[in-house]
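# Summary of the model geometry
Spelled out, the chains give:
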Amino acid sequence: MAPTVALFDYGAGNIRSAARALEAAGAQVSVTAENDEALAADGLVVPGVGAFASCMAGLEAAGGPRVVGQRLAGGRPVLGICVGLQVLFEEGSEHGETARGLGEWPGRVERLHAPVLPHMGWNTVTRDDRDPRSEGAPARMFAGIDPGERFYFVHSYGVRRWELRTEGLTRPPAVWWASHGGDEFVAAVENGPLWACQFHPEKSGPAGLKLLGNWVATLTPRAGA
């Protein structure tokens, strides 16, 4: 039985390409803003296109913070894409406007320090092994994907510092970085049931489809569903 995935539709833009890619990755996908459906699905995808503040306003109006919080409290998978990664942090600042995020991770979304913006196109990502406990630790997000593969980005803002303290954690999150114009930013995070990527896997060809397949493979269909 294919696992069910709710693609949360809170007005964040065209999400049909993500739905098609998730279906190609083996999921049974519903595009929904219904909280009960988003809570019941085996996996939840939070997309995002545009400005941080407007995405947060849409999420709040649709009950997104409660849905994401309840799922993670129960250890149930959530995947954030593009601004869907950004809103997982504490706050974002764009065009002089600062808005609170979901606060799942500490940190701030800010304008990239690069001579040419937006960062639009294909780029590689590199895993951060500066925490010795994470070095060589298994991570599923990029399993089976060549380290030299490129993923499709389109953004001008990002998380330039990873601020989560890992003291006392048995297994720290796996974090991947990318750079544009000499400025590094968080490209992807795997943190237990919470995965997120700044790039668009649904627009990243076979490598992106493999990543989505890796996530779908972690989902456990509910008995009797």
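Residues numbered from 1 in each chain as written. Predicted model: local features only at pLDDT ≥ 70, side-chain atom pairs only at ≥ 80, totals over all residues. Heavy atoms only, no water.

Taking an unreviewed UniProt entry as the reference, the protein chain is identified by name as Imidazole glycerol phosphate synthase subunit HisH belonging to Corynebacterium otitidis ATCC 51513. Turning to the protein chain, the UniProt annotation filed under Subunit (unreviewed entry) states: "Heterodimer of HisH and HisF." According to the UniProt record, the Pathway (unreviewed entry) comment for the protein chain reads "Amino-acid biosynthesis; L-histidine biosynthesis; L-histidine from 5-phospho-alpha-D-ribose 1-diphosphate: step 5/9." (UniProt positions renumbered as here; feature names shortened; annotations may be inferred.)

Turning to the sheet that holds strand β7 (residues 105-111), a few remarks are in order. Judged by pairing direction, the sheet is mixed, and its 4 strands sit side by side in the order β6-β5-β7-β11 without closing on themselves. Edge positions in the sheet fall to β6 (97-100) and β11 (157-159), since each has one partner strand and no second. Ignoring strand direction, the axes of neighbouring strands in this sheet form an average angle of 20°. One ladder, built from 4 bridges, connects strand β5 (residues 89-94) with β6; its direction is antiparallel. By the bridge assignment for β6, Gly92 is matched with Ala99. The sheet contacts of helix α3 (residues 52-61) involve β5, β6 and β7, and relative to β6 the element is tilted by about 35°. (Pairing = 2+ DSSP bridges. Helix = DSSP H or I, 4+ residues; strand = E, 2+ residues; numbered from the N terminus. Axes fitted to C-alpha atoms, helices over the stretch in contact; angles between N-to-C directions. Contact = heavy atoms within 4.5 Å.)

Turning our attention to the nonpolar core. Among the nonpolar cores identified, the biggest contains 73 residues, and Leu22, Leu44, Val125, Phe142, Phe199 and Trp215 are the most heavily contacted of them. Residues contacting Leu44, with those up to four places away along its chain left out, are Ala6, Phe8, Ala38, Val67, Val68, Arg71, Pro77, Val78, Leu79 and Trp215. (Core = buried A, V, L, I, M, F, W, Y, C linked by side-chain atoms within 4.5 Å. Buried < 20%, exposed > 50% of the residue type's maximum accessible area, 1.4 Å probe, protein only.)

With that settled, the discussion passes to the UniProt feature "active site" (unreviewed entry) in the protein chain. If you check UniProt for "active site" (unreviewed entry), the listed places come out as Cys82, His200 and Glu202 in our numbering. A maximum C-alpha distance of 10.9 Å places the annotated residues, which cover 121 residues in sequence, within one compact spot. Relative to the helices and strands, Cys82 resides in the loop between β4 (78-81) and α5 (83-86). Judged by relative accessible area, Cys82 falls into the buried class, the value being 4%. Each residue touching Cys82, except ones within four places of it in the same chain, is listed here: Gly48, Val154, Cys197, Gln198, Phe199 and His200. Summarising the element assignment, Glu202 is placed in the loop between β14 (194-197) and α6 (205-217). For Glu202, a relative accessible area of 18% translates into the label buried. Here His200 takes part through its side chain, which lies 2.8 Å from a polar atom of the side chain of Glu202. (Polar contact = N/O pair within 3.5 Å; in protein donor to acceptor, adjacent residues only side chain to side chain.)

So, on to the environment of Ser30. Here Ser30 is to be found in strand β2 (residues 28-32). Of the residues examined, Ser30 reaches a relative accessible area of 22% and is grouped as partly exposed. Through-space distance from the C-alpha of Ser30 to that of His113 is 37 Å; in sequence the pair is 83 residues apart. Those residues in contact with Ser30 that lie beyond four places of it in its chain are Val5, Ala6, Leu7 and Glu37. A polar atom in the side chain of Ser30 sits 2.9 Å from the side chain of Glu37.

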